Number of protein chains: 2
Amino acid sequence: MWKRFARSILVLLPALALSQPPTADTLVSPEVRPDRTVAFRIRAPKAVDVAFFGDWMPVGSQEKMTKDAEGVWSVTLGPLDPSIYLYTFTVDGVTIADPVNPRIKLRSRTSASMVEVPAGPPALWQERDVPHGAVEINWEKSKALNGETRSIWIYTPPGYEKDSNRRYPVLYLFHGSNDTAAGWTMAGNANFIVDNLLAENKALPMIVVMPYGHAVAFGAPREKQAKNTALFEDYLLNDVMPLVESKYRVAAGRQNRAIAGLSMGGGQSIAIGFSHQDLFSAVGAFSAAVPADFETRFAGFLSDPKSTNARLKLIWIGCGRQDPLFPRSQKFAEELEAHHIHRTFRASEGAHTYTVWRQYLGEFVPLLFR
Amino acid sequence: MWKRFARSILVLLPALALSQPPTADTLVSPEVRPDRTVAFRIRAPKAVDVAFFGDWMPVGSQEKMTKDAEGVWSVTLGPLDPSIYLYTFTVDGVTIADPVNPRIKLRSRTSASMVEVPAGPPALWQERDVPHGAVEINWEKSKALNGETRSIWIYTPPGYEKDSNRRYPVLYLFHGSNDTAAGWTMAGNANFIVDNLLAENKALPMIVVMPYGHAVAFGAPREKQAKNTALFEDYLLNDVMPLVESKYRVAAGRQNRAIAGLSMGGGQSIAIGFSHQDLFSAVGAFSAAVPADFETRFAGFLSDPKSTNARLKLIWIGCGRQDPLFPRSQKFAEELEAHHIHRTFRASEGAHTYTVWRQYLGEFVPLLFR
């Protein structure tokens, strides 16, 4: 009798864990096929219109989905190039993550789903059978941000714990607008990219510090947002860096510090990197929101290329040609060149997505701390 | 001209980051008010029926939501006792997380949203102004699981990095069915609970190891699921524990190891803890899926209370009276008592939710390694 009761409880468990009514729904979405086509599905029998958006598609476009007799809407797309893509469904006007896919892209507001189309053999951004570093989530009360507690995600390379005397250079790596401190790990695979480069002896072991880039709350009015970079700089210098320098075994000096980011984080890297050449020796700007006042603000550095080149050993600018920010990156690269400031400009195919940013990280990291 | 272009790009950024059409939607959901009532909202102008479920409500029940002239459906509930709750919307039959709330409960399948109703002064499970430990995500290729790479979330207490000679006892802490390795951190606040207990000098500094509990894929057929605990035991003993013992500064011996979990993880803790009294000295079973064959399987230990009591110094069983698993926990506690095995049975108010499990963790941790 007890056994029968226990068995019935075990059957109930998934429903309890779901905290919603029991369901036998075994709908599969997304389904990634060997030919790299992907089927996306959502059960919505009462919906009138369901559409799909994936981040490899032009911003604002949608793919129609069609309904079967069971009320399941589906669309099969591709073949897609190997990558991790973000996607959403729009069900009668409501844009949502895929209800059954557990792989969620965390954001500051709203959420989306992720689908991984693996390469064979595994690409640089994929988890390979190599020694893995770890990513440590730190929580710290911020003095710069009125005592708010923020999380900072910090990658340490494989073997970090083994030699308590060894010190490591540090890459400060920033996400874009509406992303979170988890973004470079959970969508950017920064940890696997550095793991794989280390395993191929293409990069130096380093610590990667990934803080939360919205010092002003995402979604706040535009006049407040305008102060985000300045406040983030304050947070980075007075909260994040002291935590990193006191807790982790970091190598001292500007030659052991790099600053890089994507989109909004690229803009932050340029602004903070150029302002603090005493602290950083490398700047990476991936699809960057280049500061609009760059030319006037940093006129002093632009007019003294000898000193700037001596301090900022690496300025790496990358942008996809299909990214609306491309002209701005191009213009920024031209400005630097016109002032005889050394920089690398990587114009690639691609839009404003992590597909591009994972690739850039894989190209940028090997150049650091040389 | 460049400035105007740059400004227009900055306005576009949120849309780019969202990878979906620009929206001026500033809908607030959830809105937690000072009186602890909470308003939940979703913009779904074309929907015919929208309902709400929160995990403080009876499983299977729903609250109706009502639509305003703007097409926003809302319901205001509470006042709610301070806690972190899980909730979902069901829009014309499709159950989804809150589309605008970024605080997502990650699961093995499907997702839900979380809302925090804070206590004043902050409760034990809340982030307080105390020294914080960190949670490190480790990725490890598992020998037991056919080479699959799994993540293991590991809490180290504040100051762990400061004394490279100090060793710590370890709590192995397991989640429930359809949860993930992130669950005890992101929904259970295990890190803040231990931080706060340490700050009050109510617990001993310890490492908390949180692996992924689905050794057999969640959603696999029932006959495969039946092997989950055995396979998880294999994974724990041959992959997780060797990683922990080689990478972290852990104190040796069974007196420095505890094993505990909730629901499915409580069942795993009982099964593995009783089988490996050479490895563990404390077992915690929170709302546990007690193994159905416990009495026959562990007849040897039950018939030798003197030895069992000498080895398992602490057996802590807790369950909420409104939890369908309550009778099974009660029966388990009675079985142990009938065999003169020492145990604590904590019958509390509450159902099968993290509200109960956070409370249990706060009561269990202070008893460990004494």
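In this text, all values refer to a predicted model and were calculated from it rather than measured experimentally.

Chemist: Please explain the overall build of chain A as it appears in this structure.
Modeler: Helix and strand content of chain A: eleven helices and 18 strands. The C-alpha atoms of chain A give 23 Å as radius of gyration, which agrees with the globular expectation for 370 residues (21 Å, within 12%). When the 370 residues of chain A are sorted by exposure, 59% land in the buried category. Sequence separation of at least 24 residues holds for 71% of the intrachain contacts in chain A that already meet a minimum separation of 6. Of the roughly 14,300 Å² that chain A leaves accessible, carbon and sulfur atoms contribute 53%. A gap of 4 Å separates the mean positions of the 40 positive and 37 negative side-chain charges of chain A.

Chemist: Could you clarify how one ought to interpret unusual backbone geometry in this entry?
Modeler: The residue after A:G120, namely A:P121, is reached through a cis peptide bond having omega -5 degrees. With respect to the helices and strands, A:P121 occurs in the loop between β10 (112–117) and β11 (134–141). A positive phi angle, near 55 degrees, is found at B:N146, a position not held by glycine. When its relative accessible area of 79% is taken as the criterion, B:N146 is described as exposed.

Chemist: Explain the side chain of B:H214 here, please?
Modeler: Residue and element names in this part refer to chain B. Among the secondary structure elements, H214 is positioned in the loop between β14 (207–210) and α4 (222–225). Since its relative accessible area comes to 1%, H214 is described here as buried. Engagement of the side chain of H214 in a polar contact is seen with the backbone nitrogen of N178, the distance being 2.8 Å. Non-local contacts of H214, meaning those with residues more than four positions away in its chain, are made with S108, R150, H175, G176, S177, N178, D179, N228 and M264.

Chemist: What am I meant to see in the packing of aromatic side chains here?
Modeler: What characterises a pair of aromatic rings is the spacing of the ring centres plus the angle enclosed by the ring planes. All names here are of chain A. Under the criterion given, the structure shown has 58 aromatic pairs over all chains. With a centroid separation of 5.6 Å and an interplanar angle of 85 degrees, the aromatic rings of F286 and F364 are classed as edge-to-face. A residue pair is termed long-range when its members are at least 10 positions apart, and F286 in strand β16 (residues 282–286) and F364 in helix α11 (residues 354–364) qualify at 78 residues. Taking relative accessible area as the criterion, F286 reaches 0% and is therefore assigned buried. Residue class for F364 comes out buried when judged on its relative accessible area of 0%. What links up through ring pairs into an aromatic cluster is the set W184, F286, W316, Y354, W357, Y360 and F364.

Chemist: Sorry if this is basic, but what is going on with the sheet that holds strand β6 (residues 72–77) of chain B here?
Modeler: One key point about sheets: their strands pair by backbone hydrogen bonds, in either a parallel or an antiparallel sense. Residue and element names in this part refer to chain B. A sheet is described by the order of its strands in space; here four strands give the open sequence β1-β2-β6-β5, paired in antiparallel fashion. Two strands lie at the open edges of the sheet, namely β1 (31–32) and β5 (66–67), each paired on one side alone. Judged from the two bridges that link them, β5 and β6 form a sheet pairing that is antiparallel. Bridging from a neighbouring strand, K67 pairs with W73 of β6.

Chemist: How do you make sense of the confidence of the model for chain A when you look at a structure like this?
Modeler: Should the pLDDT be low somewhere, the predicted coordinates at that spot are not to be read in detail. All names here are of chain A. Of the residues in chain A, 94% reach a pLDDT of 70 or more, and the chain-wide mean stands at 93. Note on residues 1–12: pLDDT is under 50 here. Beyond four places in sequence and across chains, it has 13 contacts. Predicted confidence for residues 14–23 stays below pLDDT 50, and this span has 24 contacts to residues more than four positions away or in other chains. What the predictor reports for the complex is a pTM of 0.94 with an ipTM of 0.93.

Chemist: Whenever I open this one, the sheet that holds strand β6 (residues 72–77) of chain A confuses me. Can you help?
Modeler: All names here are of chain A. The four strands lie next to each other as β1-β2-β6-β5, forming an open sheet whose pairing is antiparallel. The open sheet has two edge strands with one neighbour each: β1 (31–32) and β5 (66–67). Where β1 lies against strand β2 (residues 38–43), two bridges are found, and the strand directions are antiparallel. The residue bridging E31 from the neighbouring strand is A39, located in β2.

Chemist: I keep staring at the pairing of strand β17 (residues 314–320) of chain B and nothing clicks. Help me out?
Modeler: Looking along a regular strand, one sees the side chains alternate between the two faces of the sheet. Residue and element names in this part refer to chain B. Of all the seven residues making up β17, seven are buried; the element is thus mostly covered by neighbouring parts of the structure. Neither face of β17 is open: one carries L314, W316, G318 and G320, the other I315, I317 and C319, and all of them are buried. Bridging between strand β16 (residues 282–286) and β17 involves five bridges; their strand directions are parallel. When the bridges of β17 are listed, G284 appears paired with W316.

Chemist: Sorry, what's going on with helix α5 (residues 228–247) of chain A here?
Modeler: Side chains three or four residues apart in an α-helix point the same way, a direct result of the helix having 3.6 residues per turn. All names here are of chain A. Taking 1.5 Å of rise per residue, 20 residues should cover 28 Å, and α5 covers 26 Å from first to last C-alpha, within 8% of that figure. At L236, α5 is bent by approximately 40 degrees, the largest bend along its length. Those residues of α5 lying buried are N228, F232, E233, Y235, L236, D239, V240, M241, L243, V244 and K247.

Chemist: Help me understand the pattern of salt bridges, please; the structure alone is not making it clear to me.
Modeler: Opposite charge on two side chains lets them pair, provided their charged atoms get close. All names here are of chain A. Using the criterion set out here, one finds 30 salt bridges over all chains in the structure. Its salt-bridge partner being E31, residue R33 comes within 3.7 Å of it at the nearest N-O pair. Exposure remark for R33: the relative accessible area of 28% places this residue in the partly exposed category. Put simply, E337 and R343 hold a salt bridge, and the shortest N to O gap is 3.5 Å. On the accessibility criterion, R343 (22% relative accessible area) is partly exposed.

Scoring rules and cut-offs
Residue numbers restart at each chain and count upward from 1, following the sequence in its written direction. All chains are assigned letters beginning at A, and all ligands numbers beginning at 1, according to the order in which they are written. The predicted origin of the model limits local features to residues at a pLDDT of at least 70 and limits the giving and counting of side-chain atom pairs to 80 or more, whereas totals for whole chains, interfaces and linings rest on all residues. The side-chain values count all of the structure's non-hydrogen atoms but skip hydrogen atoms and water molecules. Elements are defined by DSSP. Helices are runs of H or I of four residues or more, strands are runs of E of two residues or more, and each kind is numbered from the N terminus. Throughout, the radius of gyration refers to the C-alpha atoms, and the reference size of a globule is 2.2 Å times the residue count to the power 0.38. Partly exposed describes any residue whose relative accessible area lies between the buried limit of under 20% and the exposed limit of over 50%, with all areas from a 1.4 Å probe on protein chains only and scaled to the type maximum. Any two residues whose heavy atoms approach within 4.5 Å at even a single point are treated as in contact. Accessible surface is estimated by sampling points in the Shrake-Rupley manner with a 1.4 Å probe; for residues, cover comes only from the protein chains shown. Two residue types count as positive, namely Lys and Arg, and two as negative, namely Asp and Glu; His and chain ends fall outside the count. Lys charges are placed at NZ, Arg charges at CZ, Asp charges at CG and Glu charges at CD. Under this definition, polar contacts are N or O atom pairs within 3.5 Å; protein pairs additionally need one hydrogen-donor-capable and one acceptor-capable atom, and for neighbouring residues in sequence, both atoms have to be side-chain atoms. A pair of Phe, Tyr and Trp rings is counted when the ring centres sit within 6.5 Å of each other, with Trp represented by its six-membered ring. The angle between the planes then sorts it: under 30 degrees is stacked, over 60 is edge-to-face, the rest tilted. By this definition, two strands are paired if DSSP reports at least two bridges between them. By definition, pLDDT measures how confident the predictor is in each residue, and it falls between 0 and 100. Take the residue count of a helix, subtract one, and multiply by 1.5 Å to get its expected span. We define the bend at each residue as the angle formed by axes fitted to the 7 residues ending at it and the 7 residues starting at it. The rule for a salt bridge is simple: a side-chain nitrogen of Lys or Arg has to be within 4 Å of a carboxyl oxygen of Asp or Glu.

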